[in-house]
Amino acid sequence: MNRLYSFFLALLLLLACTACVGRAAAPDPAPGQAAAPLDAAAAQPPEPEDGPEEEGVPEEEPPAPPEPEEPYVRVIDPAKPMVALTFDDGPDAACSSQILDILEEHHALATFFEVGRNVAACPEPVGRMVELGCEVGSHSNAHKDLSKLRKSSLLRDLDTADEAFVLAGAPAPLLVRPPYGAVNKTVKTATGRAMVTWTVDTEDWRSRDAQKVIDYVQSYGELDGEIVLMHSIYESTVEAVRVLVPWLQEQGYQLVTVTELMAYYYGELPQPDHFYGYTYFASHGRTDAPIELPSMYLPQEAPEAPPAAGQEQSPGPVSDAPDASDTPDVPPEPFDPTGIIAVSAPDPEPEEAPEPPAGEASEPLPPAEPPAPPQEEPEKPAKQSQDAKPVSPGVSVPNPAMFYP
């Protein structure tokens, strides 16, 4: 009996100790809140505590904005090779714009000899040429053979073209490329403008084949100091320019305007009433005294537009129809077989121009009007190599961003 009593007493003590241990492990519930069962409280995982923030670690700064690119500064080195690309018979809304895109992409300039009536019909490309710094010259107003016009008709044609240039946002050009390269004494010395032809004829108007134009230029040989003739009215010419511009630059050529070529390579500026043709360029080598362009060739505002209706106006456009005023007062000079008559050579007495040789190359008429009978133009011989005068290396002449002829 005593043993049974002792067993129950021990069991009671054991249960009491177990209860005390459970109360010590579990937190006391808040007043009015029931205590959770021991096993449920034990099953709850401890909530993570936010550790103290690390001190001394700076927050990540946002990346700095990229630095703006420095504007491109065009510099011409007179000691390095240079070539002038020229385009006739424009502007054309599609082709001229594409050629300008290519030139702008490659930081290159060219000279555009535009037909006045085409400028009047499509002035937008001319304004962009001026903005990019390209040179804008005249190719007459109606693309007539200037050597067959009387002096009054000749001047009226060039003045009418000038009005179209001014209205398009370009100053009246001082450079003129006579259609077909045809000149006489009046054209050369009595217009108040400089007449400029070319030295390399791609005949892009004849082939209308981009690859033929590319092959011709790339196989021509030395192009330093040359003036390349193309036309800005053909898609095939656009595709040729797309290849030739970067190719010429890869060959080390600086793509310059005609006036830049004259100043930096030949050492003189185009003068009014002077004729610069094949013989001139073939007989002059690189100068050792390059000329920096004067202020008259720097950017400037275009002259005021012609007077409004009711005020005094210049004569209107020249018609292609023959009339008495188109009878030449000075007969055209015969074509020189080399392409021009030297500027310094005396002009021969006026005489009737003989018929040019059949089958020779001729420059096309622009598409603005139905084409007139083609005027033949003698083929130009290959340019003879000249002994170039030495130029001190490292001489660099900065070129303004753009200028006008």
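The model shown is predicted, which means the values in this text are computed figures rather than measured ones.

**What to know about the pattern of salt bridges**
One pass over the full model with this rule turns up nine salt bridges. Residue arginine 193 is joined to aspartate 159 by a salt bridge in which the shortest nitrogen-to-oxygen separation is 3.0 Å. Placement of arginine 193 in the loop between α7 (185-189) and β6 (194-196) and of aspartate 159 in helix α6 (residues 151-167) is noted, with a sequence separation of 34 residues between them. The salt bridge partner of glutamate 203 is arginine 206, with a shortest N-O separation of 3.2 Å.

**Quick word on a nonpolar patch on the surface**
On the surface, Phe7, Leu11, Leu14 and Leu15 cluster together to form a nonpolar patch covering roughly 420 Å² of accessible area. Tracing the chain through its elements places leucine 11 in helix α1 (residues 2-25).

**Considerations on the nonpolar core**
Within the largest apolar cluster, 40 residues are counted, with the highest numbers of intra-cluster contacts made by Leu85, Phe87, Leu103, Phe112, Val245 and Leu248. For this core, the elements supplying multiple residues, two or more each, are β2 (82-88), α3 (95-105), α5 (124-132), α6, α9 (210-218), β8 (227-231) and α10 (235-250). No other element matches the seven residues that α10 contributes to this core. Once residues lying within four places of it in the same chain are set aside, the contact partners of phenylalanine 87 are Ile99, Ala110, Thr111, Phe112, Phe113, Glu114, Met230, His231, Ser232, Thr237 and Val241.

**What about the packing of aromatic side chains?**
Applying the stated rule across the entire model yields seven aromatic pairs. Measuring from centroid to centroid gives 4.7 Å for tyrosine 265 and tyrosine 266, while their planes differ by 65°, and the two rings are edge-to-face. The same class applies to tyrosine 265 and to tyrosine 266, which are both buried. With a centroid separation of 5.1 Å and an interplanar angle of 85°, the aromatic rings of tyrosine 276 and tyrosine 280 are classed as edge-to-face. Residue tyrosine 276 is classed as buried on the basis of its relative accessible area, which comes to 2%.

**Quick look at the confidence of the model for the protein chain**
Considering every residue of the protein chain, the mean pLDDT works out to 75; 60% of them sit at 70 or more. Here residues 305-362 scores under 50 on pLDDT; set against residues more than four positions off or in separate chains, the count is 116 contacts. Every residue in residues 365-405 is under pLDDT 50, and counting partners more than four places away or in other chains gives 124 contacts.

**Remarks on the pairing of β2**
Counting buried positions over the seven residues of β2 gives seven, a clear majority of the element. Alternating residues of β2 divide into Met82, Ala84, Thr86 and Asp88 and Val83, Leu85 and Phe87, and every residue in both groups is buried. Bridge count for β2 against strand β3 (residues 111-114) is three bridges, and the pairing is parallel. Paired with aspartate 88 across the two strands is phenylalanine 113, which belongs to β3.

**Some words on the packing of α3 against α10**
Two elements in contact, α3 and α10, have axes whose closest approach is 9 Å; the angle formed by their N-to-C orientations is 5°. In terms of axis orientation, α3 runs roughly parallel to α10. Together, Cys95, Gln98, Ile99, Ile102 and Leu103 of α3 and Glu235, Val238, Val241, Arg242 and Val245 of α10 make up the contact between the two elements. Across the contact of α3 with α10, the residue classes tally to seven nonpolar, one polar and two charged.

The rules behind each value
- Residues numbered from 1 in each chain as written.
- Predicted model: local features only at pLDDT ≥ 70, side-chain atom pairs only at ≥ 80, totals over all residues.
- Heavy atoms only, no water.
- Salt bridge = Lys/Arg side-chain N within 4 Å of Asp/Glu carboxyl O.
- Helix = DSSP H or I, 4+ residues; strand = E, 2+ residues; numbered from the N terminus.
- Patch = residues over 30% accessible without salt bridge, like charges linked within 9 Å, V, L, I, M, F, W, Y side chains within 5 Å.
- Areas by Shrake-Rupley, 256 points an atom, 1.4 Å probe, with all protein chains shown as cover.
- Core = buried A, V, L, I, M, F, W, Y, C linked by side-chain atoms within 4.5 Å.
- Buried < 20%, exposed > 50% of the residue type's maximum accessible area, 1.4 Å probe, protein only.
- Contact = heavy atoms within 4.5 Å.
- Phe/Tyr/Trp six-rings, centres within 6.5 Å; stacked < 30°, edge-to-face > 60°.
- pLDDT = per-residue confidence, 0-100.
- Pairing = 2+ DSSP bridges.
- Axes fitted to C-alpha atoms, helices over the stretch in contact; angles between N-to-C directions.
- Parallel < 35°, antiparallel > 145°, perpendicular 65-115°, else oblique.
- Nonpolar A, V, L, I, M, F, W, Y, C, P; charged D, E, K, R; others polar.

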